[in-house]
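Secondary and tertiary structure notes
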Amino acid sequence: DVALSIRGLRKAYASGTEALKAVDLDIAHGEIFALLGPNGAGKTTLISIVCGLVTATGGEVLVNGCHWRDQFKAARRQIGLVPQEMNIDVFEPVWNTVAFSRELFGLKRDDAYLEGVLKDLTLWDKRKAILKELSGGMKRRVMIAKALAHEPKILFLDEPTAGVDVELRKEMWAMVRKLKERGTTIILTTHYIEEAEEMADRVGVINKGELILVEEKAELMKKL
Ligand code: ADP
Ligand code: ADP
């Protein structure tokens, strides 16, 4: 039962950089998968391709069985992305930010669903607050709520704790575990081994565009 299937995925940028070299990867429903690798390994490129932001130069991606090229909309609908950089308007209130993101996907209003998301992320009491007034950790959580607004099956978190202090990192880890309990499949990138260790069921190590190792976390930790 595969949530995401990646086959022979390649990306060569115009500059000539081979960011991905025939990557194969299957992600099961409901698992937390950590893509671990140093800067420049190809993590963001992989996520960007799967989320439809960058075009691959080879290979295929299937999301819940929907082929990326033939069923683009259906596949995209099942994916939520929390990018590294802020993608929220700091002058907007929390509720509007999240509700608008759902509208963009042309989905029916579902206040009960959004209420559940905001409560899971402990943002409910702040729903009327303007983002500018919120802490960095809360803003990150709003980005997650925004990514979940259209009820995706798979959530991508690109370096969710890059440049974040230890306390906030732990808070983020707790949030991700809570999302897993809701049944969301989660794929995150990180260059912190401890983060992969803390959160993931399975870890893939990527280096210079090649997936050099994919292991159950317990097995990987024995090797490191
Ligand atoms: P990571 O997310 O693991 O740090 P990236 O996917 O950002 O890695 O980058 C992989 C490689 O592709 C790096 O060598 C990087 O310099 C290169 N790269 C990334 N984006 C671009 C781009 N838009 N144009 C050219 N090269 C790029
Ligand atoms: P608008 O339609 O312009 O968002 P509303 O009167 O619906 O105006 O919303 C005012 C504020 O109340 C919003 O900024 C939002 O924070 C909050 N809000 C709106 N709808 C809901 C809702 N269903 N549940 C919780 N908070 C809501």
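In this text the structure is predicted, and so the values were computed from the model without any measurement.

**With respect to the packing of helix H3 (residues 94-104) against helix H5 (residues 136-148)**
H5 packs onto H3 with a crossing angle of 30° between their chain directions and a minimal axis gap of 7 Å. Between H3 and H5, the crossing angle belongs to the class labelled roughly parallel. Where H3 crosses over H5, the two elements pack in a sense that is right-handed. Across the interface between the two elements, Val 94, Thr 97, Val 98 and Ser 101 from H3 touch Val 142, Ala 145 and Lys 146 from H5. Its residues placed into classes, the contact of H3 with H5 shows four nonpolar, two polar and one charged.

**Describing the site of ligand 1**
With respect to spatial proximity, the complete set of residues near ligand 1 consists of Tyr 13, Ser 15, Thr 17, Ala 19, Pro 38, Asn 39, Gly 40, Ala 41, Gly 42, Lys 43, Thr 44 and Thr 45. Side-chain polar atom of Tyr 13 to a nitrogen atom of ligand 1: 3.4 Å apart, as the coordinates give it. Relative to its unbound accessible area of 560 Å², ligand 1 is 61% covered by the protein chains. The biggest single contributor to the shell around ligand 1 is helix H1 (residues 43-50), with three residues.

**Brief notes about the sheet that holds strand S6 (residues 79-82)**
Strand order in the open sheet formed by six strands is S6-S7-S8-S3-S9-S10, and the pairing between neighbours is mixed. Edge positions in the sheet fall to S6 and strand S10 (210-216), since each has one partner strand and no second. For this sheet the average axis-to-axis angle between neighbouring strands, irrespective of direction, equals 15°. Contacting strand S3 (32-36), S6, strand S7 (154-158), strand S8 (185-190) and strand S9 (202-207), H1 runs over the sheet at an angle of about 150° to S7. In the packing of helix H6 (residues 166-181) onto the sheet, the strands contacted are S3, S7 and S8, and the crossing angle to S8 comes to about 155°.

**What to know about the environment of Val 205**
Along the polypeptide, Val 205 turns up in strand S9. The class for Val 205 is buried, based on a relative accessible area of 18%. The spacing of Val 205 and Leu 220 is 15 residues in sequence and 9.7 Å in space, taken between C-alpha atoms. In this structure Val 205 touches Leu 36, Glu 210, Leu 211, Ile 212, Leu 213 and Leu 220, once residues within four positions along its chain are discounted.

**Observations concerning the pairing of strand S2 (residues 18-28)**
Pairing between strand S1 (residues 2-12) and S2: seven bridges, direction antiparallel. Residue pairing in the sheet places Lys 11 in a bridge with Leu 20 of S2.

**Focus on the pattern of salt bridges**
By the definition in use, this model includes 13 salt bridges. Its salt-bridge partner being Glu 151, residue Arg 102 comes within 2.9 Å of it at the nearest N-O pair. Within this pair, whereas Arg 102 is found in helix H3, its partner Glu 151 is found in the loop between H5 and S7, the two being separated by 49 residues in sequence. Arg 102 gets classed as buried once you look at its relative accessible area, which sits at 6%. Residue Glu 151 is classed as partly exposed on the basis of its relative accessible area, which comes to 36%. The partner of Asp 201 in a salt bridge is Lys 180, and the shortest N-O contact between them spans 2.8 Å. Here Asp 201, found in the loop between helix H7 (193-199) and S9, pairs with Lys 180, found in helix H6; they are 21 residues apart in sequence, far enough to count as distant. Residue class for Asp 201 comes out partly exposed when judged on its relative accessible area of 28%.

**Description of the nonpolar core**
In this structure, Leu 118, Ile 144, Leu 155, Leu 157 and Ile 186 are the most contacted members of the largest nonpolar core, which totals 42 residues. Residue contributions to this core peak at seven residues, all from H5. The contacts of Ile 144, once residues within four sequence positions are left out, are Val 82, Leu 121, Leu 155, Leu 157, Met 172 and Leu 179. The next biggest cluster of nonpolar side chains, apart from the first, holds 27 residues, and it includes Leu 20, Ala 41, Trp 68 and Ile 79.

What counts and what doesn't
- Residues numbered from 1 in each chain as written.
- Chains lettered and ligands numbered in written order.
- Predicted model: local features only at pLDDT ≥ 70, side-chain atom pairs only at ≥ 80, totals over all residues.
- Heavy atoms only, no water.
- Axes fitted to C-alpha atoms, helices over the stretch in contact; angles between N-to-C directions.
- Helix = DSSP H or I, 4+ residues; strand = E, 2+ residues; numbered from the N terminus.
- Parallel < 35°, antiparallel > 145°, perpendicular 65-115°, else oblique.
- Left-handed = near helix turned anticlockwise from the far one by under 90°.
- Contact = heavy atoms within 4.5 Å.
- Nonpolar A, V, L, I, M, F, W, Y, C, P; charged D, E, K, R; others polar.
- Near = heavy atom within 4 Å.
- Polar contact = N/O pair within 3.5 Å; in protein donor to acceptor, adjacent residues only side chain to side chain.
- Areas by Shrake-Rupley, 256 points an atom, 1.4 Å probe, with all protein chains shown as cover.
- Pairing = 2+ DSSP bridges.
- Buried < 20%, exposed > 50% of the residue type's maximum accessible area, 1.4 Å probe, protein only.
- Salt bridge = Lys/Arg side-chain N within 4 Å of Asp/Glu carboxyl O.
- Core = buried A, V, L, I, M, F, W, Y, C linked by side-chain atoms within 4.5 Å.

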